[in-house]
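Report on the structure
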Amino acid sequence: MQNAQETKTKLNISNIFTDELPGDEEKRNFTRQVYKSAYSEVLPKKPKNPEMVHFNEDLADELNLENVDSEKILSLLSGQENFEGFTPYAMCYGGHQFGNWAGQLGDGRAINIAEVLDKNGVVQTLQLKGAGETPYSRHADGLAVLRSSIREYLCSEAMFHLGVPTTRALSLALTGDLVRRDIMYDGNPEMEKGAIVCRVAPSFLRFGNYQIFPVRDDIENLRVLTDFTIREYFPHLGEPSKETYFEFLKEVKESTLELMLEWERVGFVHGVMNTDNLSILGLTIDYGPYGWLEPYDPNWTPNTTDRQFKRYRFGNQSMIALWNLVQLANALYPLIEDAEGLEEMLKEYQPEYAKRQLEMTAEKLGVSSEDEAFEKLAFDLAENMYKSEIDMTLFYRNLNKFNAENPLEFLPILEDTSYSENFKQFEDVWIDWLERYAKQIKSENKDSAERIASMNAVNPKYVLRNYMAQLAIDKADEGDYSLVEELYELLKNPYDEQPEMEKWFVKRPDWAKNRVGCSMLSCSS
Ligand code: AMP
Ligand code: MG
């Protein structure tokens, strides 16, 4: 055990964001428009009776929090007590929601409670989600419920272990307070258990943080925020100038494109890709009504609020990311003033995406994308999977059993992973595809063990299927957190076989098909 002084120095708390950026003069906590400020100071609400549901020991270690005793941790991460030497704050941002400018949004229920230096020398920000009202809460309560907090906690860690850039989750605590929610917005509100997740990221800056300033003709603070971002997170670009602003946007474009490919690789649908939910660092942020593809369907969205237009459907995510990048480019335009250059740069996105998407698919199939026939093979695969309702995760992972010498052996596996009631009708197209795939593999003549190992490294065996999270939620509602723990452990090694966990390597059970929380999720959280 270290003494308190040592723990404190080791924690190395900084206040970079509030030291460097303009803050709101108003210190009282009431809902309002906040101008010329990147943040407002605000303290978390004191919880009635906090209880830790899950604590991420590995991440705590990385953050040098391992020697802080558990009572103190609970107190700090539930909003009961503040980190010494830190000024908590909520960030000011705007955003386009479902394609429309929504004005000021801001951290309505997120409060940054510390910046700590991690073991890699990176300053990480700790943020409580659900810790009460802030100046940005608008008409809402600033709170979060257990159900959505479990979803955020498990999924952000699952994504991290899948290798997908994401904000992380340090803890999940109950507040002891009850929160009123109308899950399906149908006039049937219920009281639910209040909870708080502590999220962690080098920065929680979103596209919307930049958008809010030029909309208000505040170019000076747009520049202050952009300069800050470049100095802190893109220092390799050099001192801020017109050129570095341009390069900054280009890097955001690249990391965002990379993120979209990663979501596609693992079958993740974010569900609410508003510009306030896109991270400037290319991280997955704000886990709300997200979902995982089960039957492969580019048109699928888990978000019931988006059911009509399906703006945020699986197959549209890369296009929406580009739309959001255009909004960010518009916001930064007053600093760059080079419309032609910006247009050129953004035009590169689509061909680049198409090329990388093909390469990614080739990696998942363990073949080369260079062969001319590959594009057709990839296209037909998507079509076959969609029509015959093949489970995406099971399909790709099971390819490690594909035998190029006898491709038709794979047919029964396909049938088992299909949700279609009439799989037989697709047998012929599959036979054709399997034979072409076998031919491609044979023509490349790669070492089979190596090929399979590289496929297993990009095709996860376990993902957080929607029904799995829901089962954990159902149990947790009754005070049993064993499934939260089991899934947390399972998803730490998503590419490993884990034979004792095979029960999670199955199709979505029938009962989950139309159940609220499994296939239908609202933004109510
Ligand atoms: P989201 O759809 O979760 O990205 O949220 C959009 C905006 O609504 C953000 O400004 C959030 O901070 C805010 N918000 C969402 N839920 C709440 C809540 N319960 N209380 C206050 N603000 C909220
Ligand atoms: Mg959000």
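Our subject is the structure that appears above.
This text gives an overview of the structure that appears in the document.

Parameters at a glance
- Residues take numbers from 1 onward in each chain, read along the sequence in its written order.
- To label them, take the chains in the order written and letter them from A, then take the ligands in the order written and number them from 1.
- Only residues with pLDDT of at least 70 are given local features in this predicted model, and only at 80 or more are side-chain atom pairs given and counted; all residues enter the totals for whole chains, interfaces and linings.
- The basis for every side-chain value is the complete set of heavy atoms in the structure, and neither hydrogens nor water enter the calculation.
- Numbering of helices and strands runs from the N terminus; a helix is a DSSP stretch of H or I covering at least four residues, while a strand is a stretch of E covering at least two.
- Relative accessible area decides the class of each residue, using a 1.4 Å probe on protein chains only: under 20% of the type maximum gives buried, over 50% gives exposed, and in between gives partly exposed.
- By definition, residues are in contact when any of their heavy atoms lie within 4.5 Å.
- Each accessible area is a Shrake-Rupley result for a 1.4 Å probe, and residues are judged covered by the shown protein chains and nothing else.
- It suffices for a single heavy atom of a residue to lie within 4 Å of a molecule or strand for the residue to be listed as near it.
- For this analysis, a polar contact is any N or O atom pair within 3.5 Å, provided that within protein one partner can donate a hydrogen and the other can accept it, and provided that sequence-adjacent residues contribute only side-chain to side-chain pairs.
- The residue classification treats Ala, Val, Leu, Ile, Met, Phe, Trp, Tyr, Cys and Pro as nonpolar and Asp, Glu, Lys and Arg as charged. All others, Gly included, are polar.
- Patch definition: residues with relative accessible area over 30% and no salt bridge; like charges joined within 9 Å; nonpolar side chains (Val, Leu, Ile, Met, Phe, Trp, Tyr) joined within 5 Å.
- Salt bridges, as used here, are contacts in which a Lys or Arg side-chain nitrogen is within 4 Å of a carboxyl oxygen on Asp or Glu.
- The sign given to each residue is positive for Lys and Arg and negative for Asp and Glu; His and the chain ends receive no count.
- Charge positions are represented by NZ for Lys, CZ for Arg, CG for Asp and CD for Glu.
- Residues belong to a common nonpolar core when they are buried Ala, Val, Leu, Ile, Met, Phe, Trp, Tyr or Cys residues joined through side-chain atoms within 4.5 Å.
- Here the limits of each domain have been adopted from an automatic or database domain assignment.
- Here the axes come from fitting lines to C-alpha atoms, over the contacting stretch only for helices, and the angles between their N-to-C directions go from 0 to 180 degrees.
- Should an angle fall under 35 degrees it is called roughly parallel, over 145 degrees roughly antiparallel, and 65 to 115 degrees roughly perpendicular, with every other angle called oblique.
- Less than a right angle of anticlockwise turn of the near helix away from the far helix marks a crossing as left-handed, whereas a clockwise turn marks it as right-handed.
- Pairing between strands is defined by DSSP: at least two bridges between the two strands are required.
- Pairing of aromatic rings covers Phe, Tyr and Trp, the last counted by its six-membered ring, and requires centre-to-centre distances within 6.5 Å; plane angles under 30 degrees mean stacked, over 60 mean edge-to-face, and any other angle means tilted.

Attention shifts here to the overall build of the chain. Of regular secondary structure, the chain possesses 18 helices and 11 strands. Taken along the three principal axes of its C-alpha coordinates, the chain extends 70 × 60 × 50 Å. Residues counted as buried form 58% of the 525 residues belonging to the chain. Contacts spanning at least 24 positions in sequence make up 72% of the contacts within the chain whose residues lie at least 6 apart. Counting only carbon and sulfur atoms, one obtains 48% of the accessible surface of the chain, whose full area is about 22100 Å².

Bringing the site of ligand 1 into the picture now. What surrounds ligand 1 is a group of 17 residues, the closest being Gly106, Gly108, Arg138, Gly142 and Asn277. Glycine 142 has a polar backbone atom sitting 2.7 Å from a nitrogen atom of ligand 1. Take aspartate 286: an N or O atom from its side chain is 3.4 Å from an oxygen atom of ligand 1. Taken together, the residues of the shell around ligand 1 sort by class into four nonpolar, six polar and seven charged.

The subject of this paragraph is a negative patch on the surface. A surface patch of negative charge is lined by Asp338, Glu340, Glu343 and Glu344. Mapped onto the elements, glutamate 344 comes out in helix H10 (residues 339-347). Looking at glutamate 344, the relative accessible area reads 51%, which means it is exposed.

Counting residues in hydrophobic clusters, the biggest one holds 123 residues, and the most contacted among them are Leu126 and Leu170. Looking at this core element by element, the count peaks at 11 residues for helix H8 (residues 242-266). Both domains that furnish three or more residues to this core are identified here as domain 1 (4-207) and domain 3 (466-512). Grouped together as the second largest cluster of nonpolar side chains are 32 residues, Val269, Leu293, Leu377 and Trp433 included.

The next thing to look at is the packing of helix H7 (residues 219-233) against H8. In helix packing, the relevant descriptors are the interaxial angle and the interaxial distance, both defined with respect to the helix axes. The contact between H7 and H8 brings their axes to 11 Å, and the two run at 70°. By the angle class used here, H7 and H8 are roughly perpendicular. Pair H7 / H8 crosses with left-handed handedness. Here Arg223, Thr226, Asp227, Thr229 and Ile230 of H7 come into contact with H8, specifically with Thr244, Tyr245 and Phe248.

Axis separation between H8 and helix H9 (residues 317-336) bottoms out at 10 Å; the angle between their running directions is 170°. The orientation of H8 with respect to H9, classified from their angle, is roughly antiparallel. On the side of H8, the interface is formed by Lys242, Tyr245, Phe246, Phe248, Leu249, Val252, Lys253, Thr256, Met260 and Trp263, while H9 contributes Gln317, Ser318, Ala321, Leu325, Leu328, Ala329, Leu332, Leu335 and Ile336. For the contact of H8 with H9, the residue count by class is 14 nonpolar, three polar and two charged.

Turning our attention to the pairing of strand S6 (residues 110-117). With seven of its eight residues buried, S6 lies for the most part within the structure. Both S6 and strand S7 (residues 123-129) contribute to a ladder of seven bridges, which runs antiparallel. Residue pairing for S7: valine 116 is matched across the bridge by glutamine 124. What sits between S6 and S7 in their antiparallel hairpin is a turn of five residues, with glycine 121 showing a positive phi close to 80°.

Here the focus is the pairing of strand S8 (residues 168-181). Most of S8 sits out of view: 11 of its 14 residues are buried. In this structure, strand S2 (residues 51-55) lies alongside S8, joined through four bridges in antiparallel fashion. Its bridge partner being in S8, phenylalanine 55 is matched across the sheet by serine 171. Looking at chain direction, S8 and strand S9 (residues 190-201) are connected through 10 bridges and run antiparallel. Considered in S9, the bridge of leucine 178 is made with lysine 193.

The next subject is the packing of aromatic side chains. A full pass over the atoms with the stated rule returns 28 aromatic pairs. Ring centres of phenylalanine 17 and tyrosine 89 lie 5.0 Å apart, and the angle between their planes is 0°; on these two criteria the pair is classed as stacked. Taken as a pair, phenylalanine 17 in helix H2 (residues 16-20) and tyrosine 89 in strand S3 (residues 89-91) lie far apart in primary sequence, 72 residues in all. Tyrosine 89 shares its class with phenylalanine 17; the two are buried. Geometrically, the ring pair formed by phenylalanine 86 and tyrosine 89 is tilted, given 6.2 Å between the ring centres and 35° between the ring planes.

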